[in-house]
Amino acid sequence: MALADARAILPNLGMAAQDTERDEAFLRALGRWAQRFTPSVAIEARAGSDGTLILNAGGCAHLFGGEIRMLCEIGDGLARFGLTTRMGLADTRGGAVALARFGEAGRIAPPGGTRQMIEPLPVAALGLEAGRCADLVRLGMRTIHDLAALPRASVAKRFGVETLRLLDRALGVEADPLAPLAQTAPHAVRMSLPEPIGTTGAVAGILDALLARLCARLEREGLGARHLDLSIRRADGGSDRTGVGLMRPGRDARTIADLFARKLDDLDAGFGIDSLRLHATRVEPLAAAQIAPGSDPQGSDPQGGGAKGEKLDALLGRIANRVGFDAVIRLAPAESHIPERSWLRFSAAHPEAGSDGWPVPRAPRPVTILTPEALTMEVAATRRPPARFVWRRQLFETVRATGPERITPEWWLDDPAWRTGLRDYWRIEAVRPAASCARRLWVYHTPEVPPESSALSRWYVHGVFA
Amino acid sequence: MTERGGPYLRDGRMHEVVAGEAGDAAARVFAARVAGGRGGVCLWIAGARMPPLCPHGLAGLVDPDALIVVEVAAPLDGLWTAEEGLRSGAVGMVVLESERPLDLLQSRRLQLAAEAGGATGLFLGPDSGNTAAETRWQCRALPATGSRAIRFDWRQVKNRRGPSIHREAQRDEATGRMHMVAASGGGASLEERPGPGPSLRGDSRGRRTLDALLAERGGA
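Residues numbered from 1 in each chain as written. Chains lettered and ligands numbered in written order. Predicted model: local features only at pLDDT ≥ 70, side-chain atom pairs only at ≥ 80, totals over all residues.

Participant: Quick question: what am I supposed to make of the nonpolar core here?
Facilitator: Across soluble globular proteins, you tend to see nonpolar side chains buried next to one another. Membership of the largest hydrophobic core comes to 114 residues, with the highest contact counts inside it found for C42 and V95 of chain B. Looking at this core, the element that brings in the most residues is helix α1 (residues 25–38) of chain B, giving 9 residues. Aside from chain neighbours lying at most four places away, what touches V95 of chain B is A31, A35, C42, W44, I45, L122 and L124 of chain B. Core analysis: the next-biggest nonpolar cluster, separate from the first, contains 33 residues, I54, L71, M87 and V123 of chain A among them. (Core = buried A, V, L, I, M, F, W, Y, C linked by C-beta atoms within 7 Å. Buried ≥ 20, exposed ≤ 12 C-beta atoms within 10 Å, placed from the backbone. Helix = DSSP H or I, 4+ residues; strand = E, 2+ residues; numbered from the N terminus. Contact = placed C-beta atoms within 7 Å.)

Now the structure itself:
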């Protein structure tokens, strides 16, 4: 039914756009929850249909007091989340899904009885495509029983091998392996409090306890955290969260607590905090390090190594948590003659930040690079820099000019700033009349621009030496 | 490729360079030279909208690998970062570029942080008037005489520890290296070597009475 028709029938119809990604994320979360019943849980999300959660109950049902009780327990748990569920249990995945979707609620096929249970169900229960189902129904094959009675060869020929395979899988003739979710326990710890707390000091105390547990676990697993999230639940049901990042993977509770210390004030405690959860959202492998103050295995570390390097990392971490990880930068040379692209900016958190040494520039480069600023002049200068020009509303006289150094644009990159073609760079020394100081500027002009287009402003300052 | 040699700025102190414009190149050359001469990691804090520092232009002054550039959006973040860096003891030098002058309180805080961490602080910005800085420098380029080298004029306009000195440096265009040339001015010591010494105002304790100081002077 089209939305317009539906709205004509029910004008105040609620409407929500489908969000497959969030649906899948929700199913994954449910899958993790369901891992309490069996280690082997798979999710099946097909576009246009509800998701299916598949639990391999083999060898687990007796732990819950039998299959019926297990189903009841799962159903109760899901109902507590406010979910409407349909469940089925059978020898095969196909059979269980068919029972869940088309059978009566909560049907359990006894061992070896799957075929009997699913035979009366419509063919759509096999999970066939809609078009294929319609074909089968048009030819009179309404139930799985009808389909199973046909000669196999002609089923494969007329309705495709896929139909036969689905049937075989549902009946247990063909193997149907599950792709279970990985058993990834999130690196998270939580603490619920008997009484709500509200002061920063109290939260910091709880945080220390949580960190001790989390860091011990990270150490056991040889991991270090790169980003941690602290979420709180308030007594009034609200929640809030804050997070910190680390420059290098780390599991030192003190360092992380220091980073959090500046963020705790951002948390809104409201009427008090009921429970806290600390989650290492990004973890990276971190080999165990021998900690011996004063001894530095890499004595030639340019940053002073050892304790000093750790102090630097801690400092940069604190800075980056305030100004942003993209704003703490290390520089590295780049292979480009274009002045503004001749170096790279790495976030200092990048593991490969730093360089293997800087090449000697083929010609002197300015200390400060400007966005090109046009010079204005009275007499057009074509090949050599103008003798007199105005820059930043000040009149300058060129005393000395060295150049040109020709730089051609990188034709493989379409840079709007370089569309004017090649540039001739000059280093000029300019003085203001009646001033004792001099300026050293890096100016260029663009000989490829036809002179008549903008003859008087084809000189630009691109950098300053002094 | 840096060679050691002045100007030496005293560790554990804040110093200032008057920068006439955002990204003032003469002031940056001075700061890079000091950072290169001092060695160690240098935290270089600049405004996010300032003209960028070109690392190739620092050849011969300081190794760009020793720089950690922090680009701050708000002046307050810059001050915070500088204080944090100075206090941490993890970096040898902190350069703070700002378009706003420091006030007395801010410079005093930075000064205390530098004392606590033992790092050299250098503020590049407009002339801030009365601040807690140890020295203040004015840097500009002079018209070249003969050679191609860029001549710099480094003039102390304030020195809490003695008479102001005035130096001239030449930066070779090809290699980028600096050479100190004859300096004029009335300073008794042109090279202010780092080292402990009796002082009235800059001392970290700063609570000595004049009598104690005079006694110390007499003894020395």
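Text resumes after the structure shown.
Participant: So what exactly am I meant to see when it comes to the pairing of strand β1 (residues 41–44) of chain A here?
Facilitator: Each regular strand displays side chains that alternate between the two surfaces of the sheet. All names here are of chain A. Alternating residues of β1 divide into V41 and I43, all buried, and A42 and E44, none buried. The pairing of β1 with strand β2 (residues 52–55) spans 4 bridges and is antiparallel. Residue pairing in the sheet places I43 in a bridge with L53 of β2. (Pairing = 2+ DSSP bridges.)

Participant: Mind showing me how you'd approach the sheet that holds strand β5 (residues 188–197) of chain A here?
Facilitator: Two strands in a sheet stick together by hydrogen bonds in their backbones, pointing the same way (parallel) or opposite ways (antiparallel). Residue and element names in this part refer to chain A. As summarised here, the arrangement of the 4 strands in space is β5-β8-β6-β7, forming an open sheet in which the pairing is antiparallel. At either end of the open sheet lies a strand with only one pairing partner, and these are β5 and β7 (239–250). Shown here is a sheet whose adjacent strand axes are inclined to one another by a mean of 15°, direction ignored. Sheet analysis places strand β6 (residues 223–234) next to β7, joined by 8 bridges and oriented antiparallel. Counted as the bridge partner of A225 is G250 from β7. Those strands touched by helix α10 (residues 200–221) are β5, β6 and β8 (273–285), and its axis lies near 30° from that of β8. Across the sheet, helix α11 (residues 253–261) lies against β6 and β7, angled at about 135° from β7, the strand it touches most. (Axes fitted to C-alpha atoms, helices over the stretch in contact; angles between N-to-C directions.)

Participant: For this particular structure, what's the right way to read the packing of helix α8 (residues 152–159) of chain A against helix α9 (residues 161–171) of chain A?
Facilitator: Two quantities define a packed helix pair, namely the angle between the helix axes and the distance between the axes. Residue and element names in this part refer to chain A. Contact pair α8 / α9: the axes reach a minimum separation of 6 Å and the direction vectors enclose 130°. By the angle class used here, α8 and α9 are oblique. Here α8 contributes R152, V155, A156 and F159 to the contact with α9, which in turn contributes V161, T163 and L164. Its residues assigned to classes, the contact of α8 with α9 comprises 5 nonpolar, 1 polar and 1 charged. (Parallel < 35°, antiparallel > 145°, perpendicular 65-115°, else oblique. Nonpolar A, V, L, I, M, F, W, Y, C, P; charged D, E, K, R; others polar.)

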